[in-house]
Amino acid sequence: MNLNTLLKPKLKVPHFAWGMLLLIVCAGLLYKAHLRDLGEYTHTASTLKTLKELDAVLTSQVLEARLRSHPNYDSIVQAAESIQDTVTEIKKGPANETPELKLFESVFSRKIELIEEFKSNNSVLKNSLNYLPSALSDADFRPGQLSLRNRAETLTHKLFIYNASASQDLKEQILSLINFLSNSRSLSKGTEGFLKHAKLIATQKTLLDELVSELLALPTSHHADSLFAAYSTQHRKDQERSNAFSSALFLLALVFGAATIFALVRLRRSAETLRRLNESLETRVQERTQTIADQQQRMFASSKLASLGEMAAGIAHEINNPLTVISATSEELQDLVAEQQFDHAYAGKLAHRIEATSDRIAKIVRGLRDFSRDGSDAPFASVDLSKVIQNTLALCNERFKKHGIPLRIIVPESASSIQGDEIQIEQVLLNLLNNAFDAVIDSPNSWVEVKLIDAGSVIQLTVSDSGRITDPTVLQKLFIPFFTTKEVGKGTGLGLSVSKGIITAHRGDLAVDLQAPNTRFVITLPTRGVVTE
Amino acid sequence: MRLAMILVAHLFLSPATGITSEPIEPIVIPTDLNPTKVSLGRRLFNDPILSANNSISCASCHDFKRGGADGKSLAIGIHGRKNELNTPSVFNSALNFKQFWDGRAESLEEQLDGPLHGENEMASTWVQIIQKLQQDPAYLAEFKKVYSSQPNENNIRNAIVTFERSLATPDSKFDRFLRGETHALDGQEREGYRRFKDYGCIACHQGRNIGGNMFQVFGVMGNIFSDRKKLTRGDLGRFNVTQKESDKHRFKVPSLRNVALTAPYFHDGSASTIEDAVKIMGKYQLGRDLSAKDIELISRFLRSLTGKTPEGNAR
């Protein structure tokens, strides 16, 4: 009870505070991540592109106005205004503090300034140029001033050519002509007017040349490009930052979620601890039992798996024996055929043996297949145990004989049968016989005995050998998977546990007879077998 | 020899297209304006409530019966205070590339603060104006209707400027001529136009507004200020904005549309008739002495530039 009251404040206060903090940080990050409007950049980029186009248009319009006798500046004004609006718009855009923007802005405002000057000067120049031929005719030279008149004509001519060229020589010639004419005495009013326009053309033209060349040299496009580059860099950074904010947000959300789950789990667990404290001993025992059962279950599953492996390993051996029988028999049969006198009966017997032996192989293979299935759904049939023994012996008799180990078989007259899987039972018997063989092979006076006892409701099949298991730990672990006493590489340690599994599946039992003077394995099987519904 | 030079002149100076398109375009009526804003703006433009003592309105100086100007040489504002500049017309002012004689305002929106706050004009403040308008139920209702809000600096500005944009004066005789009605102008007017172009007035007074698209020094071909009364600050023109020596006496070339209605002329109202103005222009802007005939013909042409006066009075 008091544990409960202790736990509550401890859990609630810090988690609540953490939760609030995280929520605030999340909100902040959400705001930050959204603050970066990335669409703005695409907009600025396209605005900059438009600006470059406008700028090129403006420049070409200026050049055209420079050539025309009656230029109209409305289009120039429009282009210049669009440029100014665009620059203002870009200024409002992202990265408004960059040095690139300052350069960009100053270069464009210089351009607008130059264009204003250009418009003024170009108009004045054009007027004087347009007027000059008339001004020349209005200039009245006295008869004695013929050379002056010629010079004035030459000046007019050169001024027109100069207007469309950039010749420095021409300019000097023009200036010296103007100078000469201006210094001439007693000029008429008309001539003075002519000279005024000539002077104005010379100075305005030079001025316009300077304006236009500065205008053309202005690196507007370059600054638009470098501004764009700066924006791109900034854009990338912002995108990264924005991504970082989003990731941070995501992470925080995760942390928040995890923290919530953690808090819940802790609350849960504390409640469970409390509950467990109140649990009865019985519940604990039950739990423990369950754990053990689970363990066994797991063990059986793994032993089944492993026994498959062992069977696969042993299969070569098990199939090899009948194969040897088959090949020996067929050799004998061939010899027989080669003889003059053909013993029909004997040949038939040999052929039959081949057939039976191959049958056996087929059975082993089928058994292998069946074993991989759960024992309970294997088709159980009536199994003649004396036949099982006979079949098994056929597999290992040779081996015992070869090593001079006597193999005793004690089987009752009447045939005992059980319900089950013949091959699986043979498997178990073979396994026990192999174990016995391995156990006694190196010891003198060794023997092995197989005995079948029919006790009515159950049968007992025992496999005994001359050896003796003395080590109590070995006896204890005998049926545990992977336990083996055989030398490394000879056995997997699964044989006995698998065998036990098989016999258990047949509702029987496989055990070691501790009372027997020698090693004695006892298989007990019910004669009525498994009741299947 | 003369012929050769004229040929040379043509080679370099004739329009690149070779098509003799006119350098002036006719006025078009703006169609993209919200009529409720225009009428609210018209009301404000005519209302003395915008001035400090409710004595004068924009229309006091920009009188629609006087071509959108005031007929005075120098504007007279609140308390009869004299300004140092002549009142230009508000007609077609939206077509000007900049506002004011010295072009210090880039837009009409920017321009508006000038007369509203000018000590010699309306001498008002936004706070006063907004307060007064908010106390007027009729204005409250109209602003609510047009802008769905109370009067504030933004929507007041927007209403007045929208109205100003509507002040186009289409269908002058000259515009009809430009549109192909050759006989909308009589022979003398057409000859006046030809001389206007030939003399080079068109080099400065050009574009749709026949002016208003560049700055020019007043007195390119001779100092008009040297032999005159003492200079005022207004005489310095664009210099007041840029502080550049070359911008002294430089002004926005004024529009010549409706020029017949807006005497007296020039930034200081120093020319009382069109003829005077044309004569001065010839001398100081072109370096030419125009004959009486030239002046007469050109002035006739200038009088053909009067278009339809827009609807002016709200009440």
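As the structure is a computational prediction, the values presented were derived from the model and not from experiment.

## Considering the overall build of chain A
(1) Moving on: The secondary structure content of chain A amounts to 14 helices and seven strands.
(2) Moving on: In chain A, which comprises 533 residues, the proportion classed as buried is 39%.
(3) Moving on: Restricting the contact set of chain A to residue pairs at least 6 apart, pairs at least 24 apart contribute 76%.
(4) Moving on: Accessible area of chain A: about 29800 Å², with a carbon and sulfur share of 57%.

## Describing the nonpolar core
All names here are of chain A.
(1) Moving on: Residues Phe104, Leu155 and Phe194 are the most contacted members of the largest nonpolar core, which totals 57 residues.
(2) Moving on: Elements with a minimum of two residues in this core: α2 (39-67), α3 (74-92), α4 (99-138), α5 (146-163), α6 (168-183), α7 (189-217) and α8 (220-277).
(3) Moving on: The leading source of residues in this core is α4, at 14 residues.
(4) Moving on: Excluding its chain neighbours within four sequence positions, the residues that come into contact with Leu155 are Ile174, Leu177, Ile178, Leu181, Phe194, Leu195 and Ala198.

## Focus: the interface of chain B and chain A
(1) Moving on: Chain B puts 38 residues into the contact, and the matching count from chain A is 38 residues.
(2) Moving on: Scanning the region where chain B abuts chain A turns up four salt bridges.
(3) Moving on: When the shortest N-O distance is used, the salt bridge between Glu117 of chain A and Lys244 of chain B registers 3.2 Å.
(4) Moving on: Seen at the junction of chain B and chain A, the total is 17 residue pairs in polar contact (both at pLDDT 80 or more).

## Concerning the confidence of the model for chain A
Residues and elements named next belong to chain A.
(1) Moving on: On average, chain A scores 78 in pLDDT, and the residues at 70 or more come to 77%.
(2) Moving on: Here residues 1-11 is modelled with pLDDT under 50, and outside its nearest four sequence neighbours on either side it reaches eight contacts, counting other chains as well.
(3) Moving on: Low pLDDT, under 50, characterises residues 371-376; the stretch is placed with 14 contacts to residues that sit more than four places away or in other chains.

## A look at the side chain of Ser123 of chain A
(1) Moving on: Inspection of the secondary structure puts Ser123 of chain A in helix α4.
(2) Moving on: Classification of Ser123 of chain A as buried rests on a relative accessible area of 1%.
(3) Moving on: The residues contacting Ser123 of chain A, other than those within four sequence positions of it, are Tyr73 of chain A together with Ala203, Cys204, Gln206, Met214 and Gln216 of chain B.

## So, the pattern of salt bridges
Residues and elements named next belong to chain B.
(1) Moving on: Scanning the entire structure with this criterion turns up 40 salt bridges over all chains.
(2) Moving on: For the salt bridge of Asp63 with Arg66, the shortest nitrogen-to-oxygen distance reads 3.8 Å.
(3) Moving on: Take Arg66: its relative accessible area is 42%, and that puts it in the partly exposed class.
(4) Moving on: The partner of Glu153 in a salt bridge is Arg157, and the shortest N-O contact between them spans 2.7 Å. Residue Glu153 and its partner Arg157 are located together in helix α8 (residues 153-165), separated by four residues, close to a single helical turn.

## With respect to the pairing of strand β4 (residues 448-454) of chain A
Residue and element names in this part refer to chain A.
(1) Moving on: Bridging between strand β2 (residues 407-410) and β4 involves four bridges; their strand directions are parallel. Following the sheet pairing, Arg408 is matched in β4 by Glu449.
(2) Moving on: In this sheet, strand β5 (residues 458-465) lies alongside β4 in antiparallel orientation, the contact comprising seven bridges. Bridge pairing links Val448 to Asp465 in β5.
(3) Moving on: Hairpin connection of β4 to β5: three residues between the antiparallel strands, including Gly456 at a positive phi of 90 degrees.

## Focus on unusual backbone geometry
Residues and elements named next belong to chain B.
(1) Moving on: The linkage connecting Ala263 with the following residue, Pro264, adopts the cis geometry, with an omega of -5 degrees.
(2) Moving on: Within the secondary structure layout, Pro264 lies in the loop between β2 (250-252) and α12 (274-286).
(3) Moving on: Of note, Phe100 is a non-glycine position whose phi angle comes to about 80 degrees, a positive value.
(4) Moving on: We note that Ile210 has phi near 50 degrees; this positive angle belongs to a residue other than glycine.
(5) Moving on: With a relative accessible area of 0%, Ile210 lands in the buried category.

## Focus: the packing of α4 of chain A against α7 of chain A
All names here are of chain A.
(1) Moving on: Axis separation between α4 and α7 bottoms out at 8 Å; the angle between their running directions is 150 degrees. By the criterion of interaxial angle, the relationship of α4 to α7 is roughly antiparallel. Remark: the crossing between α4 and α7 carries left-handed chirality.
(2) Moving on: Here the contact of α4 with α7 is built from residues that sort into 19 nonpolar, six polar and six charged.

## As for the sheet that holds strand β6 (residues 509-512) of chain A
All names here are of chain A.
(1) Moving on: The strand order across the open sheet formed by five strands is β2-β4-β5-β7-β6, and the pairing between neighbours is mixed. On the outer flanks of this sheet lie β2 and β6, each paired with one strand and no other. Across the sheet, the mean angle from the axis of one strand to that of its neighbour is 15 degrees, orientation sign disregarded.
(2) Moving on: Docked against the sheet, helix α11 (residues 385-402) engages β2, β4 and β5, running at close to 170 degrees with respect to β2.
(3) Moving on: Helix α12 (residues 422-440) contacts β2, β4, β5, β6 and β7 (519-526) of the sheet and is inclined by roughly 25 degrees relative to β5.

Calculation notes
Residues numbered from 1 in each chain as written. Chains lettered and ligands numbered in written order. Predicted model: local features only at pLDDT ≥ 70, side-chain atom pairs only at ≥ 80, totals over all residues. Heavy atoms only, no water. Helix = DSSP H or I, 4+ residues; strand = E, 2+ residues; numbered from the N terminus. Buried < 20%, exposed > 50% of the residue type's maximum accessible area, 1.4 Å probe, protein only. Contact = heavy atoms within 4.5 Å. Areas by Shrake-Rupley, 256 points an atom, 1.4 Å probe, with all protein chains shown as cover. Core = buried A, V, L, I, M, F, W, Y, C linked by side-chain atoms within 4.5 Å. Salt bridge = Lys/Arg side-chain N within 4 Å of Asp/Glu carboxyl O. Polar contact = N/O pair within 3.5 Å; in protein donor to acceptor, adjacent residues only side chain to side chain. pLDDT = per-residue confidence, 0-100. Pairing = 2+ DSSP bridges. Axes fitted to C-alpha atoms, helices over the stretch in contact; angles between N-to-C directions. Parallel < 35°, antiparallel > 145°, perpendicular 65-115°, else oblique. Left-handed = near helix turned anticlockwise from the far one by under 90°. Nonpolar A, V, L, I, M, F, W, Y, C, P; charged D, E, K, R; others polar.

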